[in-house]
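Observations on the model geometry
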Amino acid sequence: MANTATDPTRRTHWPLVVAATVAGMAIAMQIAKVAAGLPLIRAEFGAGLTQLAVYVTLISLVAATVGLGFGTITRRIGALRAGVIGLMLVSAGSALGALAHGLPVLLVSRVFESLGFALTVTAMPAVIQAATQAKDRMLALGLWATWLPLGIAVLMVISWLFLDRIGWRGLFWVTAIVPAASALAMLASARGQNPVPRQPGRLGLGGLLRRDVVLTTLNFIAFSSSNQVVIAFLPTILVDMFGLAPSEAAAVSFAGAVVLVISNLMTGWLLHRGAGIRPLYILAFIGMIFGSALLFAPQIGLVSSIAGVMVFSLCAGVPPALAWASIPI
C-alpha cells in the first residue's frame, strides 16, 4: 500500500503530524511531573535522593535497554499501532502511580511508563515520516523536535497554577488522562488515511553501526544524560538550596522549557540557513557545560543559578533538534 514517504502524489497529512507531536508532548509530561512533584513525593514517602534517582532514571534505563527491540516491534506491527500501545502503557502507569502509597508501587508504575515512553518515542518519527512528502519532512521533524520542551512547559504551567491545590497525585492523574486522549486523537487523525506500513524485513547490523548513526546516538546520549539531571532535579535543588515553594520552582522550570523550545526552533532555522551540524553540536555542549556549572556551583546565589538554567536550556535545545533533523539524512 502506498504511503507518503514514497508516493509523491499524496500530500503531507499535517493533522497526523500534529497529533504525533502532541503524543510526544504527552509522554514528555511524564518527565516533567517527576521534576515538579519530587519534593512532595520525597516529603510524603521519606525517600532519599538516591532512591528517587532510581525512579527518575528508569525511563532512560528502559529506553536504552529495550529501544532496539522496540524498533523491531514497531517495524513489524506498524508505527501507528505501536505508538497507540505506548501511549496507553504510559496512561496506565501514571494512573497506578497516582494510587501508590509507597515507593515500591511507584517504581512499578514507572516501569509501565518507561516501556510506553520508549515505544512511543520509537514510533512517532516513523509515523511522521510516512505522513509527509519529502519536501515537508525536515519541517515536520523540526516540529516533532519540540515534543520534549513543549511537554515539559505545559506540565510546569499546570504545576505552577495548580500544584498547591491538587498535589503530586493530581499531576499524575493529569498525566494519565492526557496520553489516553492523545492516543484517541492519533486514531482519529489517521482515519481515512493509508496506515503507516509494516516493515517486516530485518535491519542489518551494518545499518545500525554506520559511523553517522553511532555518532548521532552518542551525541544524543551526551545531551539526554545531562538534560535529564537538570530537568528532574532542578525544582528539588531550588527548594532545598534556596527555599522556594514547589510551585515557584516549577515556574523557573517552565521558563527553562520555553527557552528550550525557542532553541529548538532557532536550530531548525540555522540548519535551513546552511549552518553545519558539527559546529552546532560543539557550541551547544560547551554552553551546556557552562550553564550547568553556574547552576550547580555551591554558594553562587539564586539569580546566578537561574541564569545558569537559562544558559543551559538555550544550549540544550540544540542537540535534539540536530538529532531529529539528521533522520532523513
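As the structure is a computational prediction, the values presented were derived from the model and not from experiment. (Residues numbered from 1 in each chain as written. Predicted model: local features only at pLDDT ≥ 70, side-chain atom pairs only at ≥ 80, totals over all residues. Heavy atoms only, no water.)

Tallying secondary structure elements over the chain gives 12 helices and 0 strands in all. Taking 2.2 N^0.38 as the reference for a compact globule, 329 residues should give roughly 20 Å; the C-alpha atoms of the chain span a radius of gyration of 19 Å, in line with that estimate. Expressed as a percentage of the 329 residues in the chain, the buried residues total 49%. For the chain, contacts bridging at least 24 residues in sequence account for 85% of all contacts bridging at least 6. Charge centroids of the chain, computed over 19 positive and 8 negative side chains, lie 14 Å from each other. (Helix = DSSP H or I, 4+ residues; strand = E, 2+ residues; numbered from the N terminus. Rg over C-alpha atoms; globule rule 2.2 N^0.38 Å. Buried < 20%, exposed > 50% of the residue type's maximum accessible area, 1.4 Å probe, protein only. Contact = heavy atoms within 4.5 Å. Lys, Arg positive; Asp, Glu negative; His and termini not counted. Charge placed at Lys NZ, Arg CZ, Asp CG, Glu CD.)

Before going further, it helps to spend a moment on the packing of aromatic side chains. Enumeration over the complete set of coordinates arrives at 7 aromatic pairs. Residues tryptophan 144 and tryptophan 147 carry aromatic rings whose centres are separated by 5.3 Å and whose planes lie at 20° to one another, so their mutual orientation is stacked. A relative accessible area of 5% places tryptophan 147 in the buried class. The interplanar angle of 10° and the centroid separation of 6.1 Å between the aromatic rings of tyrosine 281 and phenylalanine 285 together place this pair among those described as stacked. Of this pair, tyrosine 281 and phenylalanine 285 are both found in helix 10 (residues 277-296), 4 residues apart, which corresponds to roughly one turn of the helix. With a relative accessible area of 7%, tyrosine 281 lands in the buried category. Ring pairs connect the aromatic residues Phe45, Trp168 and Phe172, which therefore count as one cluster. (Phe/Tyr/Trp six-rings, centres within 6.5 Å; stacked < 30°, edge-to-face > 60°.)

Our next topic: the nonpolar core. Met124, Trp147 and Met186 are the most contacted members of the largest nonpolar core, which has 64 residues in total. No other element matches the 12 residues that helix 1 (residues 14-45) contributes to this core. Ignoring any residue separated from it by four or fewer positions in sequence, one finds methionine 186 in contact with Leu16, Ala19, Ala20, Ala23, Leu80, Val84, Leu87, Met124 and Val127. Counting residues in each nonpolar core, the second largest holds 16 residues, with Ile41, Val56, Ala98 and Phe233 among its members. (Core = buried A, V, L, I, M, F, W, Y, C linked by side-chain atoms within 4.5 Å.)

Applying the stated rule across the entire model yields 5 salt bridges. Among the salt bridges present, the one from lysine 33 reaches glutamate 113, with a minimum N-O distance of 2.7 Å. Placement of the pair is lysine 33 in helix 1 and glutamate 113 in helix 4 (residues 103-130), with a sequence separation of 80 residues. Of the two residues, lysine 33 and glutamate 113, neither departs from the other in class, the shared state being buried. Across the pair aspartate 136 and lysine 135 runs a salt bridge whose closest N-O atoms are separated by 3.4 Å. (Salt bridge = Lys/Arg side-chain N within 4 Å of Asp/Glu carboxyl O.)

We now examine the confidence of the model for the chain. Keep in mind that low pLDDT regions are not for reading the predicted coordinates in detail. Mean pLDDT for the chain: 84, with 91% of residues reaching 70 or above. Mean pLDDT in the chain bottoms out at helix 7 (residues 205-208), which sits at 60, and peaks at helix 3 (residues 79-98), which reaches 96. Between residues 1-6, whose pLDDT stays under 50, and residues either more than four places distant or in other chains, the model counts 20 contacts. (pLDDT = per-residue confidence, 0-100.)

Tracing the chain through its elements places valine 54 in helix 2 (residues 49-77). For valine 54, a relative accessible area of 44% corresponds to the partly exposed category. Separated by 216 residues in sequence, valine 54 and leucine 270 place their C-alpha atoms 37 Å apart.

Relative orientation of the contacting elements helix 8 (residues 211-242) and helix 10 amounts to 20°, with a least axis distance of 12 Å. Overall, the two elements helix 8 and helix 10 adopt an arrangement that is roughly parallel. For the pair helix 8 and helix 10, the crossing hand works out as left-handed. Here Arg211, Thr216, Asn219, Ala222, Phe223, Ser226, Val229, Val230, Leu234 and Ile237 of helix 8 come into contact with helix 10, specifically with Arg278, Tyr281, Phe285, Met288, Leu295 and Phe296. When grouped by side-chain class, the residues that make up the contact of helix 8 with helix 10 number 11 nonpolar, 3 polar and 2 charged. (Axes fitted to C-alpha atoms, helices over the stretch in contact; angles between N-to-C directions. Parallel < 35°, antiparallel > 145°, perpendicular 65-115°, else oblique. Left-handed = near helix turned anticlockwise from the far one by under 90°. Nonpolar A, V, L, I, M, F, W, Y, C, P; charged D, E, K, R; others polar.)

When the terminal C-alpha atoms of helix 11 (residues 302-316) are compared, their 21 Å separation across 15 residues agrees well with the 21 Å that a helix rising 1.5 Å per residue should span. The elements touched by buried residues of helix 11 are helix 8, helix 9 (246-272), helix 10 and helix 12 (318-325). (Expected span 1.5 Å × (residues − 1).)

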